[in-house]
Amino acid sequence: MAELELGQHCGVPDCRQLDSKKSDEVKSKKRKGAKNNETAAKVALMKLKMHACGDKSLPQTERIYFQVFLPKGSKEKSKPMFFCSKWSIGKVVDFAASLAGLKNDNNKSTSQIIRGALKEEISVMTKSSPVDLVTETDQKVENFIISLIKEKYPSHSFIGEESVAAGEGSVLTDNPTWIIDPIDGTTNFVHRFPFVAVSIGFVVNKKIEFGIVYSCVEDKMYTARKGKGAFCNGQKLQVSGQEDITKSLLVTELGSNRDPETIKIILSNMERLLSIPIHGIRAVGTAAVNMCLVATGGADAYYEMGIHCWDMAGAGIIITEAGGVLLDVTGGPFDLMSRRIIAASSRAIGERIAKALQVIPLRRDDATN
């Protein structure tokens with residue numbers, strides 16, 4: 001006898017009741033299945049939070065992050081329920097590190113695009129002020145990097161210097177986010193001053209997971225991953241560990257703000273620090289490379305106000321993984337979206353710098369009005 005489809009009446013007495021019973025059983029199984037899926041998603045979400053908090057009872061060598069969506073009409077609107085994709089930090093790091101060597105449609109890598117442009121006439125535009133410069137190469141490199149990442153990780157978010165300049169937002173969420181400065185040191189690039197870097201930071205749950213800074217002309221690749229150390233071209237980095245401010249060499253920048261009052265505060269801050277006294281203050285024209293110099297031990301601290309999250313995200317974790325500290329210019333906790341930073345080889349030097357600084361009022365990167 002052929003097997004009947006659920007809901008098909010066979011003409012036998014009570015078959016309708018059997019069909020109804022089968023239907024009820026299927027509905028019950030579906031409800032249980034949905035409940036199990038919901039429970040599994042909650043457990044995974046809990047594990048993700050435990051990982052973010054550094055819970056050592058879970059494997060830390062290869063954290064897997066799940067991106068999930070809320071089912072329609074869910075009661076727990078703030079909590080995701082169903083898995084849609086997964087990725088590992090290790091694979092993302094490897095991919096990011098390869099970006100400098102990946103080829104575009106014209107068979108050129110990111111570094112080749114920048115180095116090639118240095119040999120040509122550079123088309124220069126301005127953004128917020130006559131000295132806040134941008135070039136076609138900035139835009140070309142950022143578009144190149146973002147297009148490659150979107151192809152591989154379509155659900156990830158992005159904050160890019162040139163995208164923000166074009167009107168896109170820079171609000172940092174818990175979603176995996178790539179923070180990109182295609183050319184850190186654009187003024188250097190325009191003048192062919194040989195300190196130009198590509199900076200990429202990767203942030204999850206508002207915490208920096210890894211950073212890459214590629215100094216193109218020097219051909220130096222700085223990398224760091226949370227808990228795995230910091231490196232330059234494969235060589236492990238270590239900050240100087242200097243704690244005596246009077247024996248320190250600092251790095252900073254004058255910035256692109258030409259407001260007379262702001263310039264006065266910047267120069268006054270330098271005067272206060274030099275009068276401590278310290279050995280000196282240097283500037284190479286790129287925040288990312290300045291911070292990497294602290295990570296190598298070549299400088300003892302870097303401070304600046306007026307920069308942006310894309311200037312700090314790549315190099316920030318390179319500092320901490322090399323044994324240094326990140327502080328706010330008030331001496332409090334570092335805030336990636338605050339537009340200010342002290343990156344030091346020791347907390348003692350960082351806090352001493354903070355005591356000497358007059359704070360410049362700034363609009364946050366994530367300000368919405």
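Our structure's up above, just so we're on the same page.
Cut-offs and rules
Residues numbered from 1 in each chain as written. Predicted model: local features only at pLDDT ≥ 70, side-chain atom pairs only at ≥ 80, totals over all residues. Heavy atoms only, no water. Helix = DSSP H or I, 4+ residues; strand = E, 2+ residues; numbered from the N terminus. Contact = heavy atoms within 4.5 Å. Salt bridge = Lys/Arg side-chain N within 4 Å of Asp/Glu carboxyl O. Buried < 20%, exposed > 50% of the residue type's maximum accessible area, 1.4 Å probe, protein only.

## Comments concerning the environment of Phe-193
One can find Phe-193 in the loop between α6 (186-191) and β7 (197-204). Here the alpha-carbon distance between Phe-193 and Gly-285, two residues 92 residues apart in the chain, equals 8.7 Å. Leaving out residues up to four positions away in the same chain, Phe-193 has contacts with Asn-188 and Val-284.

## Details of the pattern of salt bridges
For the structure shown, the criterion picks out 10 salt bridges. We note a salt bridge from Glu-218 to Lys-220, for which the minimum N-O separation is 3.6 Å. Asp-366 is the salt-bridge partner of Arg-364, the closest N and O atoms lying 2.8 Å from each other. Judged by relative accessible area, Arg-364 falls into the partly exposed class, the value being 34%. Because the salt bridges share partners, they merge into one network encompassing Lys-127, Glu-161 and Glu-162.

## A few points about the environment of Ile-114
Residue position: Ile-114 is located in helix α3 (residues 110-118). Looking at Ile-114, the relative accessible area reads 0%, which means it is buried.

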